[in-house]
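The primary structure of each chain is shown beneath.
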Amino acid sequence: MNYQEILEDIYKSIKPELKRGKVADYIPALARVKKEQFAMSITLLDGTNYSVGDVDKKFSIQSISKVFTFTKALNIYSKELYKRVGVEPSGNPFNSLVQLEYENGIPRNPFINAGALVVTDSLISYYKDEYRALEKILTFVRDISNNSSIDFDEEVAKSELEYGDRNLALAYLMKSFGNFENSVEKSVSTYFKQCAITMSAKELSRAGLYLANGGVDPITKKEFATLSQTKRINAVMLTCGHYDASGEFAYHVGLPAKSGVGGGILAIIPNVMSIAVWAPSLNRYGNSHAGTLALEEFTTKTGLSIF
Ligand code: GLN
């Protein structure tokens, strides 16, 4: 398969779509990101990489970080974690409050904001304080990327905290139900920092490799999750990775994947490759508009999907 040619064809056909949709403007630092940018990068299990577009340009990974914190929390708590967060699609927007009220403060899944906040809160409890938890999250992301330079953008984290009322509300609501253990301000601010991690498409596709290989990095041989945990992480990515558009994404793309409001998407083809795509302009569900189309074209052209 000529992956390079396929990626270049996708880039060409996706170009007119880059101006559609809008960037995440509820985080002021992200509102400034130029719309018409695109990168797509695939990393095969042997480390071979094929890329097109702005592949080395760093972007805010935002909710894609939820996959990495979910992995860590599963490593630590195993099925105990599910007492605090479920694995069912929410059918609601990523930052919705309503379901949380009538489901007694237990978020549907770890990829909506409420669920991710619980996961980060659980890591802070385990590591005793928020600085140590953040350091462990960063170390994990550096390890899976095999790149010690990965870091977060202070300005993006600060900017989100300034307008963080909805996430603070989610955390306070969960606290009122007894499903939040640490200071709401500290946990939410740690969550914003994890969301503000910046990576290029090339780095992100490298970071996802453990999920394409049963939890073990095929290059460094380090184990980041067990085989059964990896099955579950990918399953939740497939069913919940795109919030209330998860069904549509699975229907069109057919891969476990996680989006972020920075315009990135990480998608996994088990036993074959990890894919990262970035196009900052979002559809009405808060998922990358052109990124989704690019992935659909990729699985259609290559015939590679999990189905
Ligand atoms: N940091 C963002 C938020 O909490 C992440 C949302 C996302 O990427 N969908 O709103």
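We now turn to the structure provided with this report. (Residues numbered from 1 in each chain as written. Predicted model: local features only at pLDDT ≥ 70, side-chain atom pairs only at ≥ 80, totals over all residues. Heavy atoms only, no water.)

**Quick word on the sheet that holds strand β2 (residues 49-53)**
Pairing between sheet strands relies on hydrogen bonds along the backbone, with the strands arranged either parallel or antiparallel. In spatial order, the strands read β2-β1-β8-β7-β6; together these five strands make up an open sheet with antiparallel pairing. Here the strands that pair on one side only, and so sit at the sheet edges, are β2 and β6 (257-259). Strand-to-strand, the axes of this sheet are offset by a mean angle of 10°, without reference to chain direction. Its contacts with the sheet place helix α14 (residues 289-302) against β1 (39-44), β7 (264-269) and β8 (273-278), and it is angled at close to 145° to β8. (Pairing = 2+ DSSP bridges. Helix = DSSP H or I, 4+ residues; strand = E, 2+ residues; numbered from the N terminus. Axes fitted to C-alpha atoms, helices over the stretch in contact; angles between N-to-C directions. Contact = heavy atoms within 4.5 Å.)

**What about the pairing of β1?**
The buried count for β1 comes to six of six residues, which makes it a mostly enclosed element. By the alternation rule, side chains of β1 split into Ala39, Ser41 and Thr43 and Met40, Ile42 and Leu44, which are all buried. Inspection of the sheet shows β1 paired to β2 by five bridges, in the antiparallel sense. Counterpart to isoleucine 42 in the pairing with β2 is tyrosine 50. Between the antiparallel neighbours β1 and β2 lie four residues, among them glycine 47 with a positive phi of about 95°. Bridge count between β1 and β8: six bridges; the pairing is antiparallel. Bridged to serine 41 within β8 is alanine 276. (Buried < 20%, exposed > 50% of the residue type's maximum accessible area, 1.4 Å probe, protein only.)

**A closer look at the sheet that holds strand β3 (residues 59-60)**
Taken in spatial order, the three strands of this open sheet run β3-β5-β4, and their pairing is antiparallel. Lying at the two open borders of the sheet, with one neighbouring strand each, are β3 and β4 (151-152). Here β3 pairs with strand β5 (residues 197-199) via two bridges, running antiparallel. By the bridge assignment for β5, phenylalanine 59 is matched with methionine 199.

**Considerations on the site of the ligand**
The full set of residues close to the ligand is Tyr26, Gln62, Ser63, Phe94, Asn113, Glu160, Asn167, Tyr191, Cys195, Tyr243, Gly260 and Val261. In the model, an oxygen atom of the ligand is placed 2.6 Å from a nitrogen or oxygen of the serine 63 side chain. With respect to the ligand, the side chain of asparagine 113 contributes an N or O atom lying 3.0 Å from an oxygen atom. Its atoms largely coinciding with the cavity grid, the ligand occupies the second largest cavity. In the shell around the ligand, the residues fall into six nonpolar, five polar and one charged. (Near = heavy atom within 4 Å. Polar contact = N/O pair within 3.5 Å; in protein donor to acceptor, adjacent residues only side chain to side chain. 1 Å grid on protein atoms, 1.4 Å probe; cavity = no way out; pocket = protein on both sides within 12 Å on 5 of 7 lines; lining within 4 Å. Sits in = over half its atoms within 2 Å of the grid points. Nonpolar A, V, L, I, M, F, W, Y, C, P; charged D, E, K, R; others polar.)

**Comments concerning the pattern of salt bridges**
Taken as a whole and assessed by the stated rule, the structure comprises twelve salt bridges. Across the pair lysine 58 and glutamate 203 runs a salt bridge whose closest N-O atoms are separated by 2.9 Å. Of this pair, lysine 58 sits in the loop between β2 and β3 while glutamate 203 sits in helix α10 (residues 201-207), and the two are 145 residues apart along the sequence. Classification of lysine 58 by relative accessible area gives partly exposed; the value is 38%. Here glutamate 203 falls in the buried class, since its relative accessible area comes to 17%. Between arginine 206 and aspartate 217 there is a salt bridge whose closest N-O contact spans 2.9 Å. Here the residue arginine 206 occupies a position in helix α10, and aspartate 217 occupies one in the loop between α11 (209-212) and α12 (227-240), the gap between them amounting to eleven residues. (Salt bridge = Lys/Arg side-chain N within 4 Å of Asp/Glu carboxyl O.)

**With respect to empty space enclosed by the protein**
Following the criterion strictly, the structure yields three cavities of 30 Å³ or more and no others. In this structure, the largest cavity encloses a volume near 100 Å³. Around the largest cavity, the lining comprises 14 residues; the ones closest to its centre are Ser96, Gln99, Leu100, Ile112 and Ala114. Elements that contribute at least two residues to the lining of the largest cavity include exactly α4 (98-102) and α5 (113-127). Looking at the lining of the largest cavity residue by residue, the classes come out as seven nonpolar, five polar and two charged. (Points joined across faces, edges and corners; volume = space filled by probe spheres on them.)

**A word on the nonpolar core**
One finds Val67, Phe68, Ile197, Met199, Leu204, Tyr210 and Ile233 to be the most contacted residues of the largest nonpolar core, which totals 72 residues. Among the elements that make up this core, the one with the highest residue count is α5 (eight residues). Excluding residues within four positions of it along the chain, tyrosine 210 makes contact with Val67, Phe68, Thr71, Phe140, Ile144, Gly215, Val216, Asp217, Phe224 and Thr230. Counting 27 residues, the second-largest nonpolar core is a separate cluster that includes Leu18, Met40, Ile269 and Phe298. (Core = buried A, V, L, I, M, F, W, Y, C linked by side-chain atoms within 4.5 Å.)

**Section: the packing of aromatic side chains**
Overall, the coordinates contain 13 aromatic pairs when judged by the stated rule. With centroids separated by 6.1 Å and ring planes inclined at 85°, the aromatic side chains of phenylalanine 140 and tyrosine 210 adopt a geometry described as edge-to-face. With a gap of 70 residues between them, phenylalanine 140 in helix α6 (residues 130-145) and tyrosine 210 in helix α11 connect regions that are remote in the sequence. As far as the burial class goes, phenylalanine 140 and tyrosine 210 line up, both buried. A centroid spacing of 5.7 Å and a plane angle of 85° characterise the contact between phenylalanine 140 and phenylalanine 224, whose relative ring orientation is edge-to-face. (Phe/Tyr/Trp six-rings, centres within 6.5 Å; stacked < 30°, edge-to-face > 60°.)

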